[in-house]
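So the chains spell out like this:
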Amino acid sequence: DQQVKQNSPSLSVQEGRISILNCDYTNSMFDYFLWYKKYPAEGPTFLISISSIKDKNEDGRFTVFLNKSAKHLSLHIVPSQPGDSAVYFCAARGGGSQGNLIFGKGTKLSVKP
Amino acid sequence: DSGVTQTPKHLITATGQRVTLRCSPRSGDLSVYWYQQSLDQGLQFLIQYYNGEERAKGNILERFSAQQFPDLHSELNLSSLELGDSALYFCASSVDFGIRETQYFGPGTRLLVL
């Protein structure tokens, strides 16, 4: 049973536009959420995180929004750049998972020039 | 470069064999995590060590085992290998094991079982 779901396997956007990547979770005990970016032949790289006590966290072009009542979070990238093309993983912690991360299957973002 | 190193980068072996994957955490990190990424799957947590002691276990098969040595490097041992064990194996490290600790991932070891 997947506790973290990324329902869109892929997303294509034009350079300069907004990219919105979505993630849903089922375990209401999760209290910390993270986004990782992964390029081919590399390990995942930490991008941004949000605690369950917040509903928004911003870092430069990246903003993560958390809607606890809907058990939904999203990552906004504005403006999108070709170098943002990668696989983005949503991950969650807490709820009995201790320190380890529960990952979604990822969304492949392609930003076209 | 995350500072986490993994060797080897690629490994090709046959069914029934045993392999050892090695991970060196970032300098100063005491916690090491192992994850498996199979085809079309997200990363699945296998096991966590903190300062030499096993701290948490995930979906790790009994054929798999791990340890963390006094110098804090870790090894993941996979035995009686099956075709389905072909996957990317990632190691991650963090300073501590708290929920808000950022995990830094190595480049992974790609295992192919033929």
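Refer to the structure presented above.
The shown structure was predicted, so the numbers you read here are calculated from the model rather than taken from an experiment.

A.B. asks: Explain the overall build of chain B to me, please; I cannot follow it from the model alone.
C.D. replies: Scanning chain B for helices and strands turns up zero helices and 11 strands. Start at the N end of chain B and walk to the C end: the helices and strands fall as β-β-β-β-β-β-β-β-β-β-β. Taking 13 Å as the expected radius of gyration for a compact globule of 114 residues, we find that chain B reaches 13 Å, a close match to that expectation. Along the first, second and third principal axes, the C-alpha atoms of chain B reach 35 × 25 × 25 Å. Taken over 114 residues, chain B has a buried fraction of 49%. Only carbon and sulfur atoms are counted for the fraction: they give 48% of the accessible area of chain B, which is about 5500 Å². A distance of 2 Å separates the average location of the 9 positive side-chain charges in chain B from that of its 12 negative side-chain charges.

A.B. asks: What should I look at first to understand the packing of aromatic side chains in this one?
C.D. replies: Each aromatic ring pair is specified by the distance between its two centres and by the angle formed by the two planes. All names here are of chain B. The tally for this structure, following the rule as stated, stands at 13 aromatic pairs over all chains. Measuring from ring centre to ring centre gives 6.5 Å for Phe64 and Tyr89, while their planes differ by 70°; the resulting arrangement is edge-to-face. With Phe64 in strand β7 (residues 64–68) and Tyr89 in strand β9 (residues 87–94), this residue pair connects regions lying 25 residues apart in the sequence. Residue Tyr89 is classed as buried on the basis of its relative accessible area of 0%. Look at Phe90 and Phe105: their rings are 6.4 Å apart centre to centre, the planes differ by 75°, and that puts the pair in the edge-to-face class. You can see Phe90 sitting in strand β9 and its partner Phe105 sitting in strand β10 (residues 104–105), a full 15 residues away along the chain. Judged by its relative accessible area of 0%, Phe90 falls in the buried class.

A.B. asks: Before we go on, may I ask you to explain the interface of chain B and chain A in this structure?
C.D. replies: Interface extent is often summarised as the accessible area lost during association of the parts. Residue-level contacts link 21 residues of chain B with 20 residues of chain A. With both sides pooled, the region where chain B packs onto chain A buries about 1700 Å², and carbon together with sulfur makes up 56% of that total. Summed over the shared surface of chain B and chain A, the number is zero salt bridges. Counting across the interface, chain B meets chain A through three residue pairs in polar contact (both at pLDDT 80 or more).

A.B. asks: What is the right way to look at the sheet that holds strand β8 (residues 72–77) of chain A in this model?
C.D. replies: Adjacent strands of a sheet form backbone hydrogen bonds with each other and so pair up, either parallel or antiparallel. Residues and elements named next belong to chain A. With respect to topology, five strands assemble into an open sheet ordered β1-β3-β8-β7-β6, the strand pairing being antiparallel. Of all the strands in the sheet, the pair left with one neighbour each is β1 (4–5) and β6 (56–59). Of the strand pairs in this sheet, strand β3 (residues 19–25) and β8 are connected by six bridges, and their pairing is antiparallel. Within β8, the position partnered with Cys23 by the bridge is Leu73.

A.B. asks: Would you mind going over the nonpolar core with me for this structure?
C.D. replies: Note on soluble globular proteins: their nonpolar side chains tend to be buried together. With 24 residues, the main nonpolar core has Phe33, Trp35, Leu73, Leu75 and Tyr88 of chain A as its most contacted residues. Elements with a minimum of two residues in this core: β3, β4 (30–38), β5 (45–51), β7 (62–67), β8, β9 (86–94) and β11 (107–112) of chain A. If you tally residues by element for this core, the top one is β9 of chain A, at four residues. Non-local contacts of Leu75 of chain A, meaning those with residues more than four positions away in its chain, are made with Ser19, Ile20, Leu21, Trp35, Leu47, Ile48, Phe62, Thr63 and Tyr88 of chain A. Val32, Trp34, Leu111 and Val113 of chain B belong to the second-largest nonpolar core, a separate cluster that totals 21 residues.

About the cut-offs
- Residue numbers here run from 1 along each chain, matching the order of that chain's written sequence.
- All chains are assigned letters beginning with A, and all ligands numbers beginning with 1, in the order in which they are written.
- Confidence filtering applies because this is a predicted model: local features only for residues at pLDDT of at least 70, side-chain atom pairs given and counted only at 80 or more, and all residues used for totals across whole chains, interfaces and linings.
- Processing note: side-chain calculations cover all non-hydrogen atoms of the structure and skip hydrogens and water entirely.
- Put simply, DSSP H or I for four residues or longer makes a helix, DSSP E for two residues or longer makes a strand, and each gets a number counted from the N terminus.
- Between the two quantities, the radius of gyration covers C-alpha atoms and the globule rule is 2.2 Å times the number of residues to the power 0.38.
- Whether a residue is buried, partly exposed or exposed follows from its accessible area with a 1.4 Å probe, protein chains only, as a fraction of its type maximum: under 20%, in between, or over 50%, in that order.
- Methods summary: accessible areas were calculated by the Shrake-Rupley approach with a probe of 1.4 Å, and residue burial reflects only the protein chains presented.
- This count recognises Lys and Arg as positive and Asp and Glu as negative, with His and chain-terminal groups excluded.
- Charged groups are reduced to one reference atom each: NZ for lysine, CZ for arginine, CG for aspartic acid, CD for glutamic acid.
- Centre distance within 6.5 Å is the pairing criterion for rings of Phe, Tyr and Trp, where only the six-membered ring of Trp is used; planes under 30 degrees apart are then read as stacked, over 60 as edge-to-face, and the remainder as tilted.
- Should any heavy atoms of two residues lie within 4.5 Å, those residues are counted as being in contact.
- By definition, the buried area sums, over both parts, the 1.4 Å-probe accessible area that each loses when the two are put together.
- Salt bridges are defined by distance alone: a side-chain nitrogen of Lys or Arg within 4 Å of a carboxyl oxygen of Asp or Glu.
- Under the rule applied, a polar contact is a pair of N or O atoms within 3.5 Å (in protein, one hydrogen donor and one hydrogen acceptor; residues adjacent in sequence only if both atoms are side-chain atoms).
- Pairing between two strands is assigned when DSSP locates at least 2 bridges connecting them.
- What is meant by a nonpolar core is a set of buried Ala, Val, Leu, Ile, Met, Phe, Trp, Tyr and Cys residues, joined one to another through side-chain atoms within 4.5 Å.

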